Structures are given as structure tokens and as C-alpha cells.
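The chain contents come next:
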Amino acid sequence: MKEGIYLNLNKNYRFYIDGMWEESKSKEVIKIMSPYKDELVGTVQAISKDEADKAIQSAKIAQKKWEKLSIRDRGNYLYHWIEELEKSKEDIATTIMQEVGKGFQDAVKEVERTIDLIRFTIEEAIHLYGESMLGENFPGGNRSKIAISHRVPLGVVLAISPFNYPVNLSAAKIAPALISGNAVVFKPATQGAISGIKMIEALDRAGLPKGVLNVVTGRGSVIGNYLIEHQGIDMISFTGGSGTGKRIAKLANMIPLVMELGGKDPAIVVKDANLDLAAKQIVSGAFSYSGQRCTAIKRVFVDEMIADELIEKLSEELKNVTIGSPEENKMIVPLIDQKSADFVQRLIDDALEKNATLITGNQREGNLIYPTLLDHVTPNMRLAWEEPFGPVLPIIRVKTVDEAIEMSNQSEYGLQASIFSQDIDQAFTIAEKIQAGSVQINGRTERGPDHFPFIGTKGSGMGTQGVRRSIESMTREKVTVININ
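1. Remarks on empty space enclosed by the protein
Piece 1. Per the stated rule, a full pass over the model turns up three cavities of 30 Å³ or more.
Piece 2. Residue lining of the largest cavity: Leu117, Ala172, Pro176, Arg447, Asp450, Phe452, Phe454, Gln465, Gly466, Val467 and Ser470, and that is the complete set.
Piece 3. A per-class count over the lining of the largest cavity returns six nonpolar, three polar and two charged.
Piece 4. The space that makes up the second largest cavity amounts to roughly 70 Å³.
Piece 5. Along the walls of the second largest cavity sit 14 residues, with Pro266, Tyr413, Gly414, Gln416 and Gln435 positioned nearest its centre.
Piece 6. Looking at the lining of the second largest cavity, the elements that each hand over two or more residues are β13 (265–269), α12 (401–409) and β20 (413–414).
Piece 7. Classifying every residue of the lining of the second largest cavity by side-chain character gives five nonpolar, six polar and three charged.

2. Topic: the sheet that holds β13
Piece 1. Strand order in the open sheet made by the seven strands is β15-β18-β19-β14-β13-β21-β22, with mixed pairing throughout. The open sheet terminates on both sides in strands that have one partner only, identified here as β15 (357–360) and β22 (438–441). Neighbour-to-neighbour, the strand axes of this sheet turn through a mean angle of 25 degrees, independent of strand direction.
Piece 2. Here strand β14 (residues 297–303) runs beside strand β19 (residues 392–398); their pairing, made up of four bridges, is parallel. Within β19, the residue paired with Asp303 across the bridge is Val398.
Piece 3. Docked against the sheet, helix α9 (residues 275–287) engages β13, β14, β18 (372–375), β19 and β21 (416–420), running at close to 155 degrees with respect to β14.
Piece 4. The strands that helix α13 (residues 424–433) touches are β13, β21 and β22; relative to β22, the one it contacts most, it runs at about 160 degrees.

3. Some words on the pairing of strand β9 (residues 183–187)
Piece 1. The buried fraction of β9 is high, at five of five residues.
Piece 2. Alternating positions in β9 separate into two faces, Ala183, Val185 and Lys187 on one and Val184 and Phe186 on the other, with burial throughout.
Piece 3. Sheet analysis places strand β8 (residues 156–160) next to β9, joined by five bridges and oriented parallel. Across the sheet, residue Ile160 finds its bridge partner in β9, namely Lys187.
Piece 4. Regarding the hand of the β-α-β motif, the stretch spanning β8, helix α5 (residues 168–179) and β9 is right-handed.
Piece 5. One ladder, built from three bridges, connects β9 with strand β10 (residues 213–215); its direction is parallel. Bridge pairing links Val185 to Asn214 in β10.
Piece 6. In this region the chain leaves β9, passes through helix α6 (residues 193–205) and returns to the parallel neighbour β10; the handedness of that crossover is right-handed.

4. Points about the sheet that holds strand β4 (residues 29–33)
Piece 1. Pairing is mixed in the open sheet, where three strands are placed in the order β1-β5-β4. This sheet does not close on itself; its edge strands, each paired only once, are β1 (11–13) and β4. Sheet twist, expressed as the mean angle between neighbouring strand axes with direction ignored, is 30 degrees.
Piece 2. Where β4 and strand β5 (residues 40–45) come together, five bridges link them in antiparallel fashion. Its bridge partner lying in β5, Met33 is registered against Leu40.

Thresholds, definitions, all that
Residues numbered from 1 in each chain as written. Predicted model: local features only at pLDDT ≥ 70, side-chain atom pairs only at ≥ 80, totals over all residues. Heavy atoms only, no water. 1 Å grid on protein atoms, 1.4 Å probe; cavity = no way out; pocket = protein on both sides within 12 Å on 5 of 7 lines; lining within 4 Å. Points joined across faces, edges and corners; volume = space filled by probe spheres on them. Nonpolar A, V, L, I, M, F, W, Y, C, P; charged D, E, K, R; others polar. Helix = DSSP H or I, 4+ residues; strand = E, 2+ residues; numbered from the N terminus. Pairing = 2+ DSSP bridges. Axes fitted to C-alpha atoms, helices over the stretch in contact; angles between N-to-C directions. Contact = heavy atoms within 4.5 Å. Buried < 20%, exposed > 50% of the residue type's maximum accessible area, 1.4 Å probe, protein only. Right-handed = clockwise from strand over helix to strand, strands pointing away.

In C-alpha cells, the structure reads:
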């Protein structure tokens, strides 16, 4: 962290409506506490339903003019946004660090990745051409009928982001929506809202026309369901917990949805695996940012013949994992709040009570949980099935590859999986049988690169993300048929 870069603590951050930063008439604010320091980061507005109405109405009106701009004109606003993000990169990164406890260097990388994502999104959208079709290609058709198709915006997109990537995963929704001609109502995660607001302050400085994007903050109990069910919303893009995602799916009456939810991503290590590679990738995949990633490796299935050797190598790798403050760029940092740490601790305690073997860890200081590796985890333990979102990794020994596949597929989740094998034929065979949106071969589970398709199956979500797919999900095809006489 550079000297002189400090967060303006205790600031009251406003919400953004029709191009203006305002305080809620409710006079209610939500305190955002640092996850690693006992101090207030700042406050955000707890807006009312009436103010949510105004935000959506503002977006509705602005969208009509916005979609009439050429795609390059819309892109110019986003290029200016990139310039403003570059200028405020370290300030935003400091906010991410203070607000969600991410290491400063990783927070800087998140802003840089966001800049790359926005730029790629502009370029991808510019190269999405329409197409024409001749009627003669279908039996009974003829050349006198020509169809011309192109993509048009859906209208107003409700973008709901998570705490763990408060800038990158917000921009991954906002940039595709805006470049496509949609307006956006942006609801950041409460813990992460200040980072999201600072990102939008940069967009405001870029001169975005008023109303095209509005930021709403508040209590889910007051405005959560109200936003989802609002008649003025034309599409919802959500990243967050599976429970919330299921509720959104029930409430969103015929509104297009793209949702990235939880995961219980397995790593399957077969007999011929390169165990040095597997150990490095598994530790990185399981413990980066304290495992607070939907794509974190959350359980390891290993052939019992090589389990002892793998565990030895994992233990050695864990000795290199740093623990402490995000200001010191540690890999293991305090979890987002006490409630999350309590949940992880209960999963560890349950496994140990049921005779799992503690290899390392199970130390706790407040909401800082040391990296914990547990062996001999069995299906009767909660840790075999529940997503911890914390730095704990269960080892499940199996007799066969089929047993590993079966247990992987019994999960309610299906986001990603990793397979470690030096036999590429075997790896592909396993990959075909795994019920997951993406399967990594000889690498850790992870989201990027951001232009790759990103898919959740079963309880891990619906729809496809990734730059091009996100643009397509926020638009629809419109067909004009010419009949030549």
C-alpha cells in the first residue's frame, strides 16, 4: 500500500439516482464495519421503497435515449470510465481492503482486472454483428424472403453483486448491460457497498448520462424482494448465496435471470497424478482469500493408495501460507464477519466430533480462522457437503475413481471441479461424467479468464456468464423479415 493512501473513515456514502448523489429521506444508515479491525469503515443509505421506485423509474426513462446512441458512443463513456478507474485505482483498492478484508495487492489486481474486463467488453460488443438468412435454405422457402436479425437491449437490468469481489463482479454485470443499451439499477452487497459506490463515482466522473445507472443501498428485508418483483425490472443478474438465489428464482415472474450461486467444488486426485502440482494448485485453490470464493476447492477426493503422500505434500505447502492482516497482503485473513467464522468453526467441530483427523489448523482468533486440513472426512459429516466459505479443506479417501465421481455428483451444487491426472484420456473421461459447469484439468478451480463461459448447474446457478455470454443474456434477438416482390 503506497504511503498517503488512506480510506476516509466514517464517511456517510450516498445513493445515486438520476445522476445525483443523495441521502435517504428515511435518515437511516447502515454501518459498515471492518472485518479485521474493530472500527467503522463508513455508512451507506438505507433507502425506502419510494426511493427504489424513483431509481427504477429514472432508469426506465434514461434507457430509451441510451439505447439510441451508437454502440461506439456508448463505448466512449465506458472508455472514460476506465480512465477514471485508473486514476482512483489505489483509493478503490484501499476501500476493498478495509471493507471486505482482501489483501491490498489482491485488491489492486481486482481493480486492474476490472479495467481489463470493461475494455474487453466494449471491444467484444463492437464485434457482435447481426446476421441475415435466406428463406430458400428451408424446404419450400425461396430467395424472396430474407430475415435480418440483430440484438436489442432488454431494458432495465437489476445487478446484484456479492461482497467478495465487490468491484470486479459488479462491473461484470454493469459493463455488458450498459454497452448493450440497457440501463442499470445496481444493488451492491451491503458489505462491499462502499467499494461499489466508489466504482460508480468513477463512472459518474466519466460523464455518464443521468439515470442510465442508479445505485441503491439498503436492507434486504425492506427493498430486497421489492426490487426483484418490481414491474420496472426487465432482467436480473445476481451473484450470491444459493438460498437467496432460489428465493429470487421463485419471485422473479418471467423475468430473465442469470445467477451465480454457491459451490462445493471438488478436486479429484487419481493414482497417476503429479502430486507436487496437485498440492500447489489445491492449496492455492482452497485457501486464497481465506476460501471466500464460490470457485474455491472445497473438498478433495483422493485415491487411498496415494492419500498419505498427497497429505504430506499439502501439509508442506500449507507451511508457506501466510496468515494475518490484509494490510500485510496475507493469504489467510479474517473472514467477512463473526457469523461466517462461527459457521466454519461449527463445520470443523462437527467433523472432529465424528472422528475426522486434524492434520493442521483449527486455531481461531476472533473471525480469523487458521488454514485447517482434515483427513478421513466421511459422508456423515457436514463438511463433506456444506459450503464453508472459509479456510477449511476436507480430505475424502476413495477406493476408485467411480466412487469420487459419484460423491461429487451427489452434491446439490455443480459449479466447477478439478481433476489431477497425467493421463489426458482418463482426465477427459472423468470430466465428461462430472456434473459441473466447468472442469479444470491439472489446475485449480477459478472463474477467469473473464471471457471464458462461466456456468453453474444444479444449485450453483442458471444461465451463462463470461463477457460475450453476458452481453447475450442482457439482450434479445430481433428479426425483421423482408419480402421481395
